[in-house]
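Residue-level structure breakdown
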Amino acid sequence: MSGGKLRALLLGRRVVVFDRPRARDLYFNEGFYGKFFMVSKPKTPNVERELELSLLEALYLAEKGKLEVVDGEGRPVDVEELRRMGREAYENFDEVYAVYKDLRDRGLIVKSGMKFGATFVVYRLGPGLEHAPFLVHVLPYDSRLDPLEIVRAGRLSHSVRKRFIIAYVDPLGRVSYLQFRWMM
Amino acid sequence: MTYQGTLAYAAMIKGVLKDSKVVVEDGEELEERGYGRREERVLMLSLVEAAYLIDRGDLEVVSEDGATLSFEELVRAATVNDPSFWVRLLVYSDLRHRGLRARPLESAIPAFLVEKKVRESEKRYLVLCLEEGTRVGFKDVEAYLRRAMEARRELIFAIVDKEGNISYYRVEKVMGA
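Residues numbered from 1 in each chain as written. Chains lettered and ligands numbered in written order. Predicted model: local features only at pLDDT ≥ 70, side-chain atom pairs only at ≥ 80, totals over all residues. Heavy atoms only, no water.

1. Notes on the overall build of chain A
In plain terms, the rule: The secondary structure listing takes helices from DSSP runs of H or I that are at least 4 residues long and strands from runs of E that are at least 2 residues long, numbered from the N terminus. Radius of gyration here uses only the C-alpha atoms, and the compact-globule reference equals 2.2 Å multiplied by the residue count raised to the power 0.38. Each residue is assigned to one of three classes by its accessible area relative to the maximum for its type, calculated with a 1.4 Å probe on protein chains only: buried under 20%, partly exposed between the two thresholds, exposed over 50%. We call two residues in contact when some of their heavy atoms are within 4.5 Å. Shrake-Rupley sampling with a 1.4 Å probe provides the accessible areas, and residues are treated as covered by the protein chains on show and by no other component.
Of regular secondary structure, chain A possesses five helices and 11 strands. Here chain A has a C-alpha radius of gyration of 17 Å; the compact-globule value for 184 residues is 16 Å, and the two agree. Residues counted as buried form 49% of the 184 residues belonging to chain A. Of the contacts formed within chain A by residues at least 6 apart in sequence, a portion of 50% connects residues at least 24 apart. Summed over all atoms, the accessible surface of chain A reaches about 9,800 Å², with 53% contributed by carbon and sulfur.

2. Notes on the sheet that holds strand 3 (residues 37-39) of chain B
Residues and elements named next belong to chain B. Our working definition: By the convention used here, strands pair only if DSSP detects at least 2 bridges between them. To get an axis, a line is fitted to the C-alpha atoms, and for a helix only the part in contact is used. The angle between two axes follows their N-to-C directions and goes from 0 to 180 degrees.
Pairing within the open sheet is mixed, and its six strands lie in the order 3-4-2-1-5-6. With one partner strand each, in any of the chains shown, strand 3 and strand 6 (68-69) form the two edges of the open sheet. For strand 5 (residues 59-62) and strand 6, the ladder comprises two bridges, and the chain directions are antiparallel. Among the inter-strand pairings, Val61 is bridged to a residue of strand 6, identified as Leu69. Here helix 2 (residues 47-56) sits on the sheet and contacts strand 1 (13-18), strand 2 (21-24), strand 4 (42-46), strand 5 and strand 6; the angle it forms with strand 4, its principal contact strand, is near 90°.

3. A closer look at the pairing of strand 5 (residues 67-70) of chain A
All names here are of chain A. Across four bridges, strand 1 (residues 6-11) lies against strand 5 in parallel orientation. Of the residues in strand 5, the one forming a bridge with Leu6 is Leu67. Pairing geometry for strand 5 and strand 6 (residues 76-77), over two bridges, is antiparallel. Counted as the bridge partner of Val69 is Val77 from strand 6. Between strand 5 and strand 6, which pair antiparallel one after the other, the connecting turn spans five residues, and Gly74 there sits at a positive phi close to 85°.

4. Concerning the environment of B:Cys129
Residue and element names in this part refer to chain B. Secondary-structure assignment places Cys129 in strand 9 (residues 121-131). You can call Cys129 buried: its relative accessible area is 5%. Through-space distance from the C-alpha of Cys129 to that of Ser167 is 9.9 Å; in sequence the pair is 38 residues apart. If we skip the residues at most four places from it in the chain, Cys129 touches Val87, Val91, Ile109, Pro110, Phe112 and Ala158.

5. Things to note about the domain arrangement of chain B
By a widely used convention, the size of an interface equals the accessible area lost when the partners come together. All names here are of chain B. Formally: Boundaries between domains were set according to an automatic or database domain assignment. Defined in terms of a 1.4 Å probe, buried area is the accessible area two parts forfeit on being brought together, summed over both. The term salt bridge refers to a side-chain nitrogen of Lys or Arg lying within 4 Å of a carboxyl oxygen of Asp or Glu. Side-chain atoms alone can form a polar contact between residues adjacent in sequence; in general such a contact is a pair of N or O atoms within 3.5 Å, and within protein one must be able to donate a hydrogen while the other accepts it.
Looking at the assigned domains, one finds that chain B contains domain 1 (13-81) and domain 2 (85-171). Distance between the C-alpha centres of domain 1 and domain 2: 22 Å. Contacts between the two partners involve 16 residues from domain 1, matched on the other side by 13 residues from domain 2. Interface area, domain 1 with domain 2, both sides summed: about 1,200 Å², of which 67% is carbon and sulfur. Measuring nitrogen to oxygen at the nearest pair gives 2.9 Å for the salt bridge that ties Glu106 to Lys21. There are four residue pairs in polar contact (both at pLDDT 80 or more) connecting domain 1 and domain 2.

6. Overview of a positive patch on the surface
Our working rule: Within this analysis, patches are made of residues with over 30% relative accessible area and no salt bridge. Like charges are joined at 9 Å or less; nonpolar side chains (Val, Leu, Ile, Met, Phe, Trp, Tyr) at 5 Å or less. Positive charges are assigned to Lys and Arg, negative charges to Asp and Glu, while His and the chain termini are left out of the count. Taken as the charge centre is NZ of Lys, CZ of Arg, CG of Asp or CD of Glu, depending on the residue.
On the surface, A:Lys35, A:Lys41, A:Lys43 and A:Lys115 cluster together into a positively charged patch. For A:Lys41, the location among the structural elements is in the loop between strand 3 (35-36) and strand 4 (51-53).

7. Structural notes on the packing of aromatic side chains
Put simply, the rule is: Only Phe, Tyr and Trp rings take part, Trp by its six-membered ring, and two of them pair if their centres are within 6.5 Å. Stacked means planes under 30 degrees apart, edge-to-face means over 60, and tilted covers everything else. Only Lys NZ and Arg CZ are tested; either one counts as a charge over a ring when it is within 6 Å of the ring centre and within 35 degrees of the ring normal.
Tallied over the full model, the rule gives 14 aromatic pairs over all chains. Seen from their ring centres, A:Tyr27 and A:Phe28 are 4.8 Å apart, and the 75° between their planes marks the pair as edge-to-face. One exposure class covers both A:Tyr27 and A:Phe28, and it is buried. Through a chain of ring-to-ring contacts, three or more aromatic side chains come together here, namely A:Tyr60, A:Phe93, A:Tyr97, A:Tyr100 and A:Phe120. One residue, A:Arg163, lies across the ring of A:Phe134, its end atom 5.5 Å from the ring centre. The ring of B:Tyr35 carries the charged tip of B:Arg96 above its face, separated from the ring centre by 3.9 Å.

8. Comments concerning the interface of chain A and chain B
With 31 residues of chain A at the interface, the matching set in chain B holds 31 residues. For the pairing of chain A and chain B, the buried interface totals around 2,800 Å² over both sides, and the portion due to carbon and sulfur atoms is 63%. Of all residues in chain A, the largest losses of buried area upon contact with chain B belong to A:Arg144, A:Met183 and A:Met184, amounting jointly to 25% of the total for that side. Remark: the boundary between chain A and chain B carries three salt bridges. A:Asp146 is the partner of B:Arg135 in a salt bridge, and the nearest nitrogen-oxygen pair spans 3.9 Å.

So this is what it looks like as structure tokens:
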């Protein structure tokens, strides 16, 4: 990367990188962060578009000192403000972020799993580069599992051919991952 | 495997109902097949085991005054002290029907210790029944996982739906956490 810290603009509650070469670098070389405007599944690293970051990604990168978020007036938006916004915009944000951070810190690629019906889809290599990503669904620690959810998790993982893992954060802040596999 | 009694032509094994247990005097064969718990010279069957064996035609249970109890009578009597008796019996019978050795645990939540022979070795499970509509907290799941691990068993949830259908799901902690 060149030209100092990467900068992103806060638009409402969305965070966008307008510097296209740096956006491309962040996506293709730094761990597949964000999503290019109007490009759903980039195949080759020649995309020339703005890159939208989720609040989770923006917070993670800001905490790592890799990203500076500024608002429309050019004022910096610090990590605490990003976190506060996340809590307002996203139920259960702290737990979801703790899981996101835990997975990213392990060197895994963590993307939205919405299309598969889970919080995250997790890759070792990256989207488009492997066929066996797994799904991680974050539930609040005090949510109490309905057996129906266990069956759904097992069935879903079977139908999308991806391991389905339920993640939660206990009161001590430890992240745990449970897997349910249909047996008979 | 059929539900037909395997001992249909032999003399019926007899057990006596005593304080929520069925006491069998000559229980060697049942013991060998993984039923009951030996207590000195007698074999003690749980009511779940007894109901299953009555249903198979392998056991006759009599009350202390000598009257024979039907399957229905035993189930009815057992349910008085244990409202989840039918669910226990459902899952136990299903496990046995699948050719697995199962031993009922005396616990608040219906649970079984199950072994499955795989060639020379043996798979060991702790099977817990969860009924559709009752939820389980992560704290409880962790406690069950710990319990299974301490007994060197894999944790299985037997999920029983509203009609009594059973699905089995293996539960494990992954990602080294």
